[in-house]
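# Structure at a glance
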Amino acid sequence: MKKTGAPRQAALHRATKETDIRVEWVLDGSGRGQIDTSIRFFDHMLELLAKHGFFDLTVQAKGDIDIDEHHTVEDVGITMGKALHQALGEKAGIKRFGWASVPLDETLAQVTVDLSGRPYLVYNVNLPDRKIKTFDLGLFEDFFQAFVTHGGLNLHVNLQYGRNPHHIMEAIFKALARALDQATMVEERLLGTVLSTKGSL
């Protein structure tokens, strides 16, 4: 069960001299993604995150992509991490852990998440080609690091195997979506308490 009494959502705006980012994240959504970062492949991945996580996610980003996409990708990660953290509140009743293994043709990706409040990223992804058109796929590691740091989660991304770089990243984002969907679900047996012997996350 995912629905709770109070809506679990957040809206954030982050503006610097390099980027202007707006994120709205509804955890108990229907999979509606409204994404515009001016980086089409990045948009595609975030749309997958919304759809397969059953999140209603809006991301509007403007950045200095005439220089490089790095600032925009990283700052979206920062803002999305903060939005997830805010939407979860005190994390009462959530399952906390999530895991998914997702295939896409020749590719298999596994993602494991712990909404522990302790940020840590493990990223075992060996790309056969780092480019989709002109976009550097290596920037996704920076996105995940920013997302983890500001969202307060432990995230392990493991590519088991794959040949096509598009398939690899798509499988990873679908697996992340499913893992986050699982981790953010409400566990009725917790009766509104936090799943930790410490009493807090």
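Anything mentioned here points back to the structure above.
First, a word on scope: everything that follows refers to the structure included in this document. What you see is a predicted model, and the numbers here were worked out from it, not measured in a lab.

## Considerations on the overall build of the protein
A tally of helices and strands in the protein yields four helices and ten strands. Taking 201 residues into account, the globule formula puts the C-alpha radius of gyration at 17 Å, and the protein, at 16 Å, falls close to it. Counting only C-alpha atoms and orienting by the principal axes, one finds that the protein spans roughly 50 × 40 × 30 Å. Looking at the protein as a whole, 52% of its 201 residues are labelled buried. Of the contacts made within the protein by residues no fewer than 6 positions apart, 77% connect residues no fewer than 24 positions apart. With the model as given, the accessible surface of the protein reaches about 9700 Å², and the carbon-plus-sulfur share is 49%. In the protein, which carries 23 positive and 26 negative side-chain charges, the distance between the mean positions of the two groups comes to 5 Å.

## Description of the sheet that holds strand β1 (residues 9-15)
What the four strands build is an open sheet, ordered β1-β2-β4-β3; its pairing is mixed. Here the strands that pair on one side only, and so sit at the sheet edges, are β1 and β3 (33-36). Neighbour-to-neighbour, the strand axes of the sheet open up by a mean angle of 5°, direction not taken into account. Inspection of the sheet shows strand β2 (residues 19-26) paired to strand β4 (residues 56-63) by eight bridges, in the antiparallel sense. Residue pairing across strands places Glu24 opposite Thr58, the latter belonging to β4.

## Quick look at the pattern of salt bridges
Scanning the entire structure with this criterion turns up seven salt bridges. Residue Arg14 pairs with Asp75 through a salt bridge whose shortest N-O separation is 3.1 Å. Residue Arg14 is found in strand β1, and its partner Asp75 is found in helix α2 (residues 70-88); the two are separated by 61 residues along the sequence. The salt bridge partner of Arg189 is Glu187, with a shortest N-O separation of 2.9 Å. For Glu187, a relative accessible area of 16% translates into the label buried.

Rules used throughout
- Residues numbered from 1 in each chain as written.
- Predicted model: local features only at pLDDT ≥ 70, side-chain atom pairs only at ≥ 80, totals over all residues.
- Heavy atoms only, no water.
- Helix = DSSP H or I, 4+ residues; strand = E, 2+ residues; numbered from the N terminus.
- Rg over C-alpha atoms; globule rule 2.2 N^0.38 Å.
- Buried < 20%, exposed > 50% of the residue type's maximum accessible area, 1.4 Å probe, protein only.
- Contact = heavy atoms within 4.5 Å.
- Areas by Shrake-Rupley, 256 points an atom, 1.4 Å probe, with all protein chains shown as cover.
- Lys, Arg positive; Asp, Glu negative; His and termini not counted.
- Charge placed at Lys NZ, Arg CZ, Asp CG, Glu CD.
- Pairing = 2+ DSSP bridges.
- Axes fitted to C-alpha atoms, helices over the stretch in contact; angles between N-to-C directions.
- Salt bridge = Lys/Arg side-chain N within 4 Å of Asp/Glu carboxyl O.

None of this, on its own, says anything about what the molecule does.
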